[in-house]
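A structural walkthrough
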Amino acid sequence: MFIINCPYCGEREQSEFKAGGEAHIVRPKQPTELSDDEWAEYLFMRKNIKGIQFERWNHTHGCRKWFNMVRDTSNDEIKAVYKMGEKPPVE
Amino acid sequence: MTKNLRVKTGKAIDETYRISFKFNGSTYYGFKGDTLASALLANDIHLVGRSFKYHRPRGIMTAGSEEPNAIVQLHNDSSRTEPNVRATEIEIYEGLEASSQNCWPSVKFDIGGINNLLSPLLPAGFYYKTFMWPASFWEKYEYFIRRSAGLGKSPTTPDPDIYEHKYIHCDVLVIGAGISGIMAAKIAAKNGLKTLLIEEKPNLGGSTIYQNSDHFKINNQNSGSWLEKEINEIKKLKNLEIKTRTSVAAYHGYNFLLARENLTDHLPINQRKDKTRHKLLKIRAKKVITATGSIERPMIFDNNDRPGILLSSAIKRFADYFGVACGEKNILFTNNDSAYETAISLIQKGINIEAIIDNREEVNSKLIYEVEKNNIKIFKGYTVTDTSGYKRINKISIMQLSKDGQKVVGSKIILSCDCLGVSGGWTPAVHLFTQSGGKLKFREDDQVFIPNIYPSDQLSIGACNGDFTLDEILVNTPKSLIDYLNIKNTEYDNLEISSSTNKSKRNIWLLPSDKILGKTKSFVDYQNDATAKDIKLALREGFRSIEHVKRYTTTGMGTDQGKLGNMHALGIISETAGAKMGELGTTTFRPPYTPLTFGTIVGRNVGEYFDIFRKTPIHDWHVEHKAEFENVGQWKRAWYYPKENENMHKAVQRESKAARESAGILDASTLGKIDIQGTDASEFLNRVYTNAWSKLAVGKCRYGLMLNEDGMVYDDGVTTRLGENHYIMTTTTGGAANVMGKLEDYLQTEWPELDVYLTSVTDHFATLSVCGPNSKKIVSEVIPDLDFSDESFPHMSFKNTKIGKINCRVMRISFTGEHSYEINVQANYGKSVWEKCMEAGKNFNITPYGTETMHLLRAEKGFIIVGQDTDATMTPIDLQMDWIVSKKKYDFIGKRSLYRSDTIREDRKQLVGLLTDNPNEVLEEGAQIVADINKSPIEMLGHVTSSYYSPNLKKSIALGVVRGGKNMMGQKLIIPMEKKNINVTVADTVFLDKENKRLNA
Ligand SMILES: [Zn+2]
C-alpha cells in the first residue's frame, strides 16, 4: 500500500485515494467537429506503460482534490506529484 | 508403552510444570515450554501424518514454521476445530487435543497408502492427466480425493473467538530476534529510534541462545550466555517494543507489513475466555531490518522421507532447547560443518551417535576434530543411497561418492539407526524480502540466493543475508547498521570472536544412487509428494519455466510453500536443463509466509459489523411498523410493510392500490442530494445533463439524464433551482457517491474556469414523498400556511416554507405518476414530520409503501430505473427518451458519442413494454426474449428488465430491452422458460395514464 504525498494535505495512506487513469488527456474543446476515429482515440485509447507513467489520482477520503502523479509502474515508486494544471516535471 | 526420551533439562522447558495432552486419542505428558512436536518426540512418537499423494508415513522433520509433514488438526468441537496447524509451532497446554490430519481411517492404517504401491502410475501431472477425462467422472474422483487428501476439516459453526486489527507506526521494524535481530534492535533503539522487534517463536535468541559450546565465543563467553545478557538489556530499553509469538505474514510495498500476533493459543483453554486470540498488526515502518535467519536444507536421496529423518539443526534444537533426544541410535548425514555442531550438542547431552556420513572427502576443522576425539566414526566422501523402515527409519545404505560426485562407487554398507539427521547446508529465508519486491542474486560459492536490490528502505542482516557463521554475523551486522542507520559506531564494533566452523561444503542437489532414477523416491517437496523423478519428467515433457514446472509437479505449492526443497528443485532443473542457477531465477514467494486464520484477516468485521450500513432518519419508524428491508448500496431501505400474514406480493398489491386510490407515503431520504452553487451553476448543469437548464426559472424543478462520455446513461434525477446561482440535484440512491465524484472530476480537471461549488448533502435531509389523489389534502394539513393551489404550486415547482419552526423544502414532483409532494426537512426532524403526515393522512387511509411498490408504480408509468432497466450499454435513444436530448446545445458529456457509428445502429437493444398474452402470467426479470423458437441456434434478442403484476391495471406488465425493439410495436415475441414458452406482445413503455391526467388529479 503506497504512501501518497497529496499536494494539498501531505502524506497519507493509499486507502484514502482513488486512481483515475492516465493523465494529460484533454477533453476536446469541440467534440462535434471530430471524426469517429478521433473521438474514439480520446474516449478509449489509453497507454499501459511498464515504467514511468503519468496518472491522475483523487484524494477521495481527504480533500477531494484531483492531482497528477508520476509513477514507475514496474516498482510502484512515486517519482512526483503535482497539482492539476501544473506542468509535469521534466525527466 | 512409549519410551521417555527426555535428557538433561532443556533451555525452554519447565520440568516442574507437567502438562497432559491428547494425540490421536491417547493421553501423553509434556512440560511447559514444549511444542507439540517436542512433546511427541519425548514420547518417542515420530509418525504424525501421511503424505498428500502417496500417503507415505511421515514424521516430524523440523523444529519450526518450515515444517512440511507434522500438520495436525486441533480441537474437536465444531466451532474451534482448526486444520493445518504445524506441530512444531503449537505450544502444548492443558487440554490440547490434536490428531493427524492426512490419514483415513487412521495414521497407522491408512487406505490411501495403497497409492504408494501404485506410485509408478502416479507421475507428475497425474491429477491433470487423469481426472480431466471423462469429465462426468470428476464427481466420483473428487469424493475420493477429498476424502483421502490431507486438507483437514473446517469448523462448521461460527468462530467464538475474538480477533482484532491494530495499526502500528514505527521508525524501525526488526523482523526476527536471533542474534543479528537483537543487535539491530538494540542499536536502533539506543540511537533514539522508535523500534519494534518481532519474533515468531515464544522466546528471543534464535538458535544462538542455546549455543553452549567453547567453539563459539564472544568476548570470552560462550555465545549463548553472551546473547542472554544482551536480551536482558534490550528488555529494559524504553523505545523498543518486543512482540513474540508474532509472525510477519506479508511484506508489501512502501514498508507496509502485516503480522499476526498470537495471544492465547498457548494458554490452557480455561484461561482464554474474553481474551483476544489473534491480532492482525498493520505495520507501517520507516525502516525495516529483516533478520529472518535461514532454513537448513535437507538432502535428496532415495526414501529420504521416512519418519525419524529430521533436519540436523532440528535434532540439535530438540536436544538443547527442549531436552529431547530424537533417537537412541542417531546418524548424521551432511555436506558441511553444521552437523558437527549438532554432534557436539548430542555428545554433551549424552545422546548416542552411531556415525556421521559426510559428502566431503577432505574435512578438517576444530569441530570435526573434537567429534573424532569422541570416537565417532565419520564416513568421509560417502553418501546415503537408501533407507528402510516403513513407519520409522531402521537402516540406511551408504556408498562412496565418485570424484565428480555424479556416481556411487565401491560396495554398499548398511548401518542401523532410529534417527537420521540431514544437513544440506543453509538457505537464507528471503521470502519476505522477495515479497516486498526485492531482487536476489545467486552466490556460486555456497549455492545460495541472497538479497541484492532493495525495493524500499530496508536492510537484510545475518543469515537471511547469507552470513551463516558467527564471525560473519558479528562482523558484518554492525558494519551494515552503521551505514543503514547513518550512525558513527555501535557497541559491537570491537567484539572478540572465536568460531570453529569451517565454511567448506560439497553441494550435490540430487545425490547419486546405485539404482536408476525411475526406481527411486527422492522427495523434493515432502508435503506435496513431488520427487526428483517428477521434476525430470516435467523437463522431459517440455516444461522449461520454473513457474510451469512448479505447477505441473506441484513442487512448492503446499501450505509450507516448499520452504525446504525449492532450492533442490531449482538445482535439479538447472543441472538437467544445463542452465545457470542465477539465470533461472526463483519461483515467487507469496504472502502469507505462514498461513493465517480467517478470524485474523476479518478481525472485528463480523456479523452486523461486516459492512457499514446506513439508516435513514425515519428508520426506527419502519422497524416499529414491521417493515421488511432491502439493501440498496449501503442503505437499508423499507422494502414493504406486511400486515398480519401478508407475503410480499399481497403487501405490494395493497400498497400500490392505496397509493393510486387515495394516498401513499415513501421514505425517499436515501436519494443522493448534491448542493450546487456558483455563478456558473446553470452552465455547469448544461454540460452535465443532456437537456437544457439555462431557462429553468427559480423555484422550478426539472428531470435530468446524465450520460457517460461514451453516451451511455449514467444517472438520473430531479434538480431544482433554489435561487439564481443555487441548485439542489437529486441522484439515484446507489449512484450518489459516483455522481459526486464524476462532477468534481469534470469541475477540477476539465472546466476549472467554472465558478461552481459542490457539496454532498444527502445525510443532511430527511425526504418523504406523499402521493395519490388525496396527497394535497394531507400536506395542506401538515403545512397549513402554504398555498397548495395548482396556480400557485403547479407540478414541477418548489416552495421554501416552514412546518411550525422547522425549515422545509417542498417539491411537487412525482415518480409514481400521481399528484405528489416531496417534503425535505433537516434530518433529525424527519421522523416527527413523517408521523405528522401519518396522522394527517389517517382519514385518507395513507399507506406507507416501500421500494417494491415504488418500483411497481413507476413501471406502470414506464419510468426507468438506472441500473435495472439500463446496464451501461443503453443510450437515451435506446431508452426511447429522445425528448430529453437537447439538439440545440453545442456540447454536453456524452453528446459526441450519441452519433458514433455504433450508437446510431438501428438494431441496438431498445427499451420496450411487454404485455403477456395471458394477463395473469408475470414474467421473470432477466428472462431471455426471442422471436423464433425453431431457429437453431436460437437468436437472443434481449431480456426482461422489470416485471410486475399491476393491481391498478389488473394485468401483468413488463419492460425489456429488445434488439431493434423500437420498430416492433405490436409484434409477437416469445419468452422461453424451463417448462414453457410465454407469448408476449411488444407495447408502449407507458402502461398507465399516458396523458398524465393523474398528476393534477
Ligand atoms: Zn488531499
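Residues numbered from 1 in each chain as written. Chains lettered and ligands numbered in written order. Predicted model: local features only at pLDDT ≥ 70, side-chain atom pairs only at ≥ 80, totals over all residues. Heavy atoms only, no water.

**A closer look at the coordination of the zinc ion**
Residue and element names in this part refer to chain A. This is how the line gets drawn: For Na, K and Ca the donor cut-off is 3.2 Å, while for other metals it is 2.8 Å, and in both cases only N, O and S atoms qualify; water is not among them, so sites may look incomplete. Any site counts as irregular unless it has four donors with all angles between 85 and 135 degrees, making it tetrahedral, or four or six donors with opposite ones more than 155 degrees apart and the rest between 65 and 115, making it square planar or octahedral. What counts as a helix is a DSSP run of H or I of at least four residues, what counts as a strand is a run of E of at least two, and both are numbered from the N terminus. Burial here depends on accessible area, computed with a 1.4 Å probe over protein chains only, as a share of the maximum for the residue type. Under 20% is buried, over 50% is exposed, and the range in between is partly exposed.
Distances from the zinc ion to its protein donors, Cys6 (SG), Cys9 (SG), His59 (ND1) and Cys63 (SG), fall within 2.0 to 2.3 Å. Taken together, the four donor atoms coordinating the zinc ion and their angles of 106 to 114° define a geometry best described as tetrahedral. All donor residues of the zinc ion come from one chain, and their arrangement in sequence is C-x2-C-x49-H-x3-C. One end of the pair, Cys6, is in strand S1 (residues 3-6); the other, Cys63, is in the loop between strand S4 (52-58) and strand S5 (66-72), and 57 residues separate them in sequence. Judged by relative accessible area, Cys6 falls into the buried class, the value being 2%.

**Side note on the interface of chain A and chain B**
What counts here: Contact definition: two residues touch when any of their heavy atoms are within 4.5 Å. Here's the idea: put two parts together, see how much 1.4 Å probe accessible area each one loses, and the total over both is what we call buried area. Within this document, salt bridges are pairs made up of a side-chain nitrogen of Lys or Arg and a carboxyl oxygen of Asp or Glu, the two lying within 4 Å of each other.
Facing the 27 residues of chain A at the interface are 29 residues of chain B. In total, chain A and chain B occlude about 2,400 Å² of area from one another, counting both sides; carbon and sulfur atoms represent 45% of this. Area buried by chain A at its contact with chain B is led by A:Met1, A:Arg27 and A:Arg64, which between them contribute 28% of it. At the boundary of chain A with chain B, the tally comes to six salt bridges. As a salt-bridge pair, B:Glu709 and A:Arg27 come within 2.5 Å of each other at their nearest N and O atoms. Looking at the side of chain A that touches chain B, the elements with two or more residues in it are helix H1 (36-44) and strand S6 (77-83) of chain A. Counting residues per element, the side of chain A that touches chain B draws most heavily on H1(A), which supplies five residues.

**Some words on the pairing of strand S36 (residues 701-707) of chain B**
Residue and element names in this part refer to chain B. The condition is simple: Any two strands with at least two DSSP bridges between them are considered paired.
The buried fraction of S36 amounts to five of the seven residues, a majority that puts the element mostly inside the structure. By the bridge criterion, seven bridges tie S36 to strand S37 (residues 713-723) in an arrangement that is antiparallel. Along S37, the bridge assignment pairs Tyr703 with Val718. Here S36 folds back onto S37, and the loop between the two strands holds five residues, one of which, Gly711, carries a positive phi near 90°.

**A short note on the domain arrangement of chain B**
Our working rule: Domains are outlined according to an automatic or database domain assignment.
The domain architecture assigned to chain B consists of domain 1 (1-155), domain 2 (164-291 + 469-499), domain 3 (296-425 + 506-584), domain 4 (666-857) and domain 5 (858-1000). Taking only C-alpha atoms into account, the centre of domain 2 of chain B sits 67 Å from that of domain 5 of chain B.

**Comments concerning the nonpolar core**
Residues and elements named next belong to chain B. We apply this condition: The criterion is simple. A nonpolar core is a set of buried Ala, Val, Leu, Ile, Met, Phe, Trp, Tyr and Cys residues joined through side-chain atoms within 4.5 Å.
With 134 residues, the main nonpolar core has Leu36, Leu173, Ile283, Phe318, Ile357 and Ile396 as its most contacted residues. Ranked by residue count, the leading element in this core is helix H5 (residues 179-190), at eight residues. Those residues within four positions of Leu173 in sequence are excluded, and the remaining contacts are Leu196, Ile198, Leu257, Ile283, Ala285, Lys287, Val288 and Ile289. Among the nonpolar cores identified, the runner-up in size contains 30 residues, and Ala638, Ile806, Ile823 and Val833 belong to it.

**Observations regarding the packing of helix H21 (residues 775-782) of chain B against helix H22 (residues 830-840) of chain B**
The relative placement of two packed helices comes down to the angle between their axes together with the axis-to-axis distance. Residue and element names in this part refer to chain B. Heads up, the rule is: Lines fitted to the C-alpha atoms define the axes, with helices restricted to the stretch that makes contact. Angles between their N-to-C directions range from 0 to 180 degrees. Oblique is the label for any angle not under 35 degrees, not over 145, and not in the 65 to 115 range, which are roughly parallel, roughly antiparallel and roughly perpendicular in turn. Handedness of a helix crossing follows the sense of rotation of the near helix relative to the far helix, less than a right angle counterclockwise being left-handed and clockwise being right-handed. Residues are grouped as follows: Ala, Val, Leu, Ile, Met, Phe, Trp, Tyr, Cys and Pro are nonpolar; Asp, Glu, Lys and Arg are charged; all remaining types, including Gly, are polar.
In the contact formed by H21 and H22, the axes pass within 9 Å of each other and the chain directions differ by 125°. In terms of orientation, H21 lies oblique with respect to H22. Taken as a pair, H21 and H22 cross one another with a handedness that is right-handed. For the pair H21 and H22, the contacting residues are Ile778, Glu781 and Val782 in the first and Lys836, Cys837 and Ala840 in the second. In terms of residue class, the contact of H21 with H22 is built from four nonpolar, no polar and two charged.

**Some points on the side chain of B:Asp878**
All names here are of chain B. Keep this limit in mind: Any pair of nitrogen or oxygen atoms within 3.5 Å is treated as a polar contact; in protein, a donor-acceptor pairing is required on top of that, and neighbouring residues in sequence qualify only through side-chain atoms on both sides.
Along the chain, the position of Asp878 falls in the loop between helix H23 (851-860) and strand S45 (909-916). Among the polar contacts listed, one links the side chain of Asp878 to the side chain of Arg908, at a separation of 3.0 Å. Beyond its immediate sequence surroundings of up to four residues, Asp878 is in contact with Thr873, Arg908, Lys909, Gln910 and Leu911.

**Things to note about unusual backbone geometry**
All names here are of chain B. In this structure, Pro592 follows Pro591 across a cis peptide bond, with omega equal to -5°. Of note, Pro592 is situated in the loop between helix H15 (581-584) and helix H16 (598-602). A cis amide bond, omega -5°, links Ser936 with the succeeding residue Pro937.

**Overview of H5(B)**
All names here are of chain B. Stated formally: Expected helix span is taken as 1.5 Å per residue step, with the number of steps being one fewer than the number of residues.
Between its first and last C-alpha atoms H5 spans 17 Å; for 12 residues at 1.5 Å apiece the expected length is 16 Å, and the two agree. With 11 of its 12 residues buried, H5 lies for the most part within the structure. Buried within H5 are the following residues: Ile179, Ser180, Gly181, Ile182, Met183, Ala184, Ala185, Lys186, Ile187, Ala188 and Ala189. Looking one or two places after H5, you find Gly192, whose phi comes out positive at around 80°.

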